[in-house]
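Residue-level listing of the chains:
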Number of protein chains: 2
Amino acid sequence: MKAWTIKEPGGIEQLIMVDRPIPEPTEDEILVKVESTAVNRTDIITREDKSLEAPYPILGVEVSGVVEKASPHYPELKEGTRVAGIVNRGGYSEYAVMPAGRAIVLPDSMSFIDGAAIPEVFLTAYQTMFWLGELKPQETVLIHAAGSGVGTAAIQLASRKITDANIIATAGSQRKLEVAKAIGADFTINYKKEDFAEKVLEYTDGHGADVILDFVGASYWEKNLKSAAVDGRWIVIGTLGGSEVEKVSLGQLMQKRLSLKTTLLTPRSDEYKAELTQEFAHRIVPFFEEDIIQPIIHSVLDFDNLKEAHRQMEADENTGKIIIDVADL
Amino acid sequence: MKAWTIKEPGGIEQLIMVDRPIPEPTEDEILVKVESTAVNRTDIITREDKSLEAPYPILGVEVSGVVEKASPHYPELKEGTRVAGIVNRGGYSEYAVMPAGRAIVLPDSMSFIDGAAIPEVFLTAYQTMFWLGELKPQETVLIHAAGSGVGTAAIQLASRKITDANIIATAGSQRKLEVAKAIGADFTINYKKEDFAEKVLEYTDGHGADVILDFVGASYWEKNLKSAAVDGRWIVIGTLGGSEVEKVSLGQLMQKRLSLKTTLLTPRSDEYKAELTQEFAHRIVPFFEEDIIQPIIHSVLDFDNLKEAHRQMEADENTGKIIIDVADL
């Protein structure tokens with residue numbers, strides 16, 4: 001089968017398409033004939049990971065496709081079932097193995113392109129806002145990087161028709177903010193032009209944000225602290241703005257009784273991911289069927305055009321997901 | 001009635017006994033004839049609080065005693081009922097008003113001295129370990145300041161007969177560690193003689209502490225970080241070791257997916273305190289009746305000896321609570 005790996009850890013030029021044997025699923029896995037896969041930041045981190053040694057892995061952590069080989073422990077996932085889900089690498093490929101508990105059965109109405117745009121960003125947004133952020137109706141959530149895949153997913157999950165939260169979204173471009181507004185943000189802030197902390201307090205009459213989705217880290221520290229409401233939950237899921245905070249005042253955190261929760265989805269256990277996936281499939285997938293929420297797709301590229309896909313993500317050009325169409329090889 | 005206030009914000013010498021009118025409870029409050037009260041660090045903070053203006057408040061945030069005047073909304077708290085609970089100041093007094101929802105009905109077998117030793121420290125320990133720390137059986141909890149009121153309460157609440165957690169306690173004196181061991185700590189560490197982070201990893205075979213009760217803050221930052229288990233909950237309830245942490249690595253927190261939760265009990269809403277009190281009364285008070293856990297009392301002093309009580313707490317002499325006997329005025 002055709003698959004993308006790397007010549008050695010490094011830049012985009014290291015990406016290479018190779019021939020690999022079709023993988024063998026274990027008893028708890030299914031083999032998926034991949035129809036679409038998607039690009040995630042973790043793929044770029046893996047591509048550059050100097051600690052990796054040859055033979056290098058097939059990149060890619062989420063796919064949509066058809067069950068080619070079923071698991072004896074999951075009779076409901078028959079061969080031919082249309083699924084999407086997160087895989088432990090190996091997604092940029094014609095065939096991928098997936099822990100069966102992570103399979104989301106796709107509604108008939110949903111395309112494989114849309115299916116591949118859902119797992120990583122929507123599960124991350126769901127876990128972050130609800131499992132960690134404990135976001136409740138009428139609370140205010142501050143969503144940074146509103147144009148990102150997780151950002152656009154989070155805005156939709158928090159929106160009127162699902163959670164009925166008050167949504168404040170930040171981004172660095174007008175286009176991204178317009179998309180945020182269109183999919184449910186109540187207020188948008190261009191962080192390049194305005195002090196987002198001041199605007200958050202203004203938009204909430206001084207209350208602040210009950211939940212903060214922080215992809216940025218160090219460079220936003222003071223402003224997020226200022227933006228947070230008393231008893232706020234501040235969820236750190238990325239450090240695009242640096243990881244080292246020069247000075248942290250525990251006293252200031254205590255004055256607001258803040259909870260700073262840090263998380264990563266990728267390294268969590270299969271059990272955790274399976275539980276998260278099944279809750280998400282049960283609670284949220286029906287909203288996709290009713291077209292109340294939609295995966296946000298920036299571009300769809302052919303399988304042999306993967307380097308362009310990585311370029312778009314590194315250039316931060318995308319609003320929503322970058323999808324690779326594997327179907328027509 | 002006799003009550004203790006301050007001449008002006010400052011040291012122990014500013015404490016002064018005065019005559020004040022008996023307070024009038026609102027419809028949601030009860031009037032308590034105080035039998036015992038206790039000294040808390042928050043009383044010292046209030047005593048020194050330069051932002052206060054005359055007339056200065058009566059100090060003291062917890063009492064035990066008898067319902068002198070009932071609340072129409074709480075018929076179960078008849079006049080004559082023996083209660084203990086947290087008050088909004090006004091505890092160092094012959095009479096105090098208490099929001100009725102915060103009253104813990106004392107078992108007949110429990111003295112007022114013991115009753116006054118329970119609310120602040122046991123409710124704080126309960127809230128911190130279970131509501132915030134989500135401590136589960138077989139998990140490991142690291143309890144600093146093991147000799148403090150909250151520390152001794154936390155050790156008992158986490159112990160075999162109640163939670164069955166694995167308890168590691170730290171303190172700076174052998175006597176305090178012996179008490180910790182006697183009331184349920186599985187391992188004790190003298191932080192003056194040993195690196196507690198190394199010992200925690202040793203005692204947990206490298207797993208670390210799932211829950212950390214941190215009264216210390218800045219000066220323990222690195223060691224607490226090293227002591228924490230993956231998915232650990234690190235609860236900051238004091239900053240005796242300083243509030244300003246230099247250089248915090250969000251990346252290190254993310255690698256362990258840590259939740260840093262900061263809290264203060266005193267400023268929380270009446271609703272919150274009432275809910276906490278009622279859950280505690282329901283779940284934990286029976287263990288006091290069965291003598292499975294006991295309030296730990298360091299000293300019992302007469303009402304006119306309050307200055308000595310403040311001296312003992314400032315000198316950090318106490319293992320357990322410092323109680324003021326108001327009964328025999």
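What you see is a predicted model, and the numbers here were worked out from it, not measured in a lab. (Residues numbered from 1 in each chain as written. Chains lettered and ligands numbered in written order. Predicted model: local features only at pLDDT ≥ 70, side-chain atom pairs only at ≥ 80, totals over all residues. Heavy atoms only, no water.)

What follows is about the side chain of B:R257. Counting through the fold element by element, B:R257 comes out in the loop between α8 (250-255) and β14 (259-262). Judged by its relative accessible area of 12%, B:R257 is buried. Discounting chain neighbours no more than four positions away, the residues touching B:R257 are A:T262, A:T263, A:L264, A:P267, A:R268, B:V230, B:D231 and B:G232. (Helix = DSSP H or I, 4+ residues; strand = E, 2+ residues; numbered from the N terminus. Buried < 20%, exposed > 50% of the residue type's maximum accessible area, 1.4 Å probe, protein only. Contact = heavy atoms within 4.5 Å.)

All right, on to empty space enclosed by the protein then. Residue and element names in this part refer to chain B. Enumeration over the complete set of coordinates arrives at three cavities of 30 Å³ or more. The space that makes up the largest cavity amounts to roughly 40 Å³. As for the largest cavity, its lining consists of A84, I104, L106, P107, M110, G115, I118, V285 and F288. Partitioning the lining of the largest cavity into residue classes produces eight nonpolar, one polar and no charged. (1 Å grid on protein atoms, 1.4 Å probe; cavity = no way out; pocket = protein on both sides within 12 Å on 5 of 7 lines; lining within 4 Å. Points joined across faces, edges and corners; volume = space filled by probe spheres on them. Nonpolar A, V, L, I, M, F, W, Y, C, P; charged D, E, K, R; others polar.)

Take the pattern of salt bridges next. Pairing is possible between side chains that carry opposite charge, provided their charged atoms lie close to one another. Residue and element names in this part refer to chain A. In this structure the tally under the stated criterion is 38 salt bridges over all chains. In this structure, K261 and E134 form a salt bridge, with 3.0 Å as the shortest nitrogen-oxygen distance. Linking K261 in strand β14 (residues 259-262) with E134 in the loop between α3 (119-132) and β8 (140-143), this pair joins segments that are 127 residues apart in sequence. When its relative accessible area of 4% is taken as the criterion, K261 is described as buried. (Salt bridge = Lys/Arg side-chain N within 4 Å of Asp/Glu carboxyl O.)

Residue and element names in this part refer to chain B. It is at 8 Å that the axes of helix α3 (residues 119-132) and helix α4 (residues 149-158) come closest, and there the two elements cross at 55°. Considering the angle they form, α3 stands oblique to α4. Our pair here, α3 against α4, has a crossing hand that is right-handed. Contacts between α3 and α4 pair V121, F122, T124, A125, Y126, M129 and F130 from the former with G149, V150, A153, A154, Q156, L157 and A158 from the latter. (Axes fitted to C-alpha atoms, helices over the stretch in contact; angles between N-to-C directions. Parallel < 35°, antiparallel > 145°, perpendicular 65-115°, else oblique. Left-handed = near helix turned anticlockwise from the far one by under 90°.)

Taken as a whole and judged by the stated rule, the model has 22 aromatic pairs over all chains. Aromatic pair B:F122 and B:F280: ring centres 6.4 Å apart, planes at 45°, arrangement tilted. One end of the pair, B:F122, is in helix α3; the other, B:F280, is in helix α9 (residues 270-283), with 158 residues separating them in the sequence. A relative accessible area of 0% means that B:F280 is categorised as buried. One aromatic cluster is present, formed by A:F122, A:Y126, A:F130, A:F280 and A:F288 through successive ring pairs. Over the face of the ring belonging to B:Y95 we find B:K33, whose NZ or CZ atom lies 5.9 Å from the ring centre. Here the basic side chain of B:R82 rests over the ring of B:F112, its NZ or CZ set 4.5 Å away from the ring centre. (Phe/Tyr/Trp six-rings, centres within 6.5 Å; stacked < 30°, edge-to-face > 60°. Lys NZ or Arg CZ within 6 Å of the ring centre and 35° of its normal.)

Attention now moves to the environment of B:A84. You can see B:A84 is positioned in strand β5 (residues 82-86). Beyond its immediate chain neighbours, meaning those up to four positions away, B:A84 contacts B:V63, B:S64, B:M98, B:R102, B:A103, B:I104, B:L106, B:G115 and B:P119.

On to the nonpolar core. Counting 50 residues, the largest nonpolar core has A:F122, A:M129, A:V141, A:I155, A:L157, A:F280 and A:I284 as its most contacted members. A total of eight residues in this core trace back to one element, the largest contributor, which is α3(A). Contacts of A:I155, omitting those with residues within four sequence positions, involve A:I143, A:A146, A:I167, A:A169, A:A180, A:I183, A:G184 and A:A185. Counting residues in hydrophobic clusters, the runner-up holds 48 residues, among them B:L123, B:L132, B:I143 and B:F280. (Core = buried A, V, L, I, M, F, W, Y, C linked by side-chain atoms within 4.5 Å.)

This next bit is on the interface of chain B and chain A. Listed per partner, the contact involves 30 residues of chain B and 30 residues of chain A. Counting the contacts that link chain B with chain A gives four salt bridges. Notably, a salt bridge pairs B:R268 with A:D231, separated by 3.1 Å at the nearest N-O pair. Linking chain B with chain A are 17 residue pairs in polar contact (both at pLDDT 80 or more), by the criterion used here. Contributing elements (two or more residues each) for the side of chain B that touches chain A: β12 (228-236), β13 (244-249), α8 and β14 of chain B. Of the residues belonging to the side of chain B that touches chain A, the class tally is 13 nonpolar, 10 polar and seven charged. Direction of pairing for β14(A) relative to β14(B): antiparallel, over a ladder of three bridges. (Polar contact = N/O pair within 3.5 Å; in protein donor to acceptor, adjacent residues only side chain to side chain. Pairing = 2+ DSSP bridges.)

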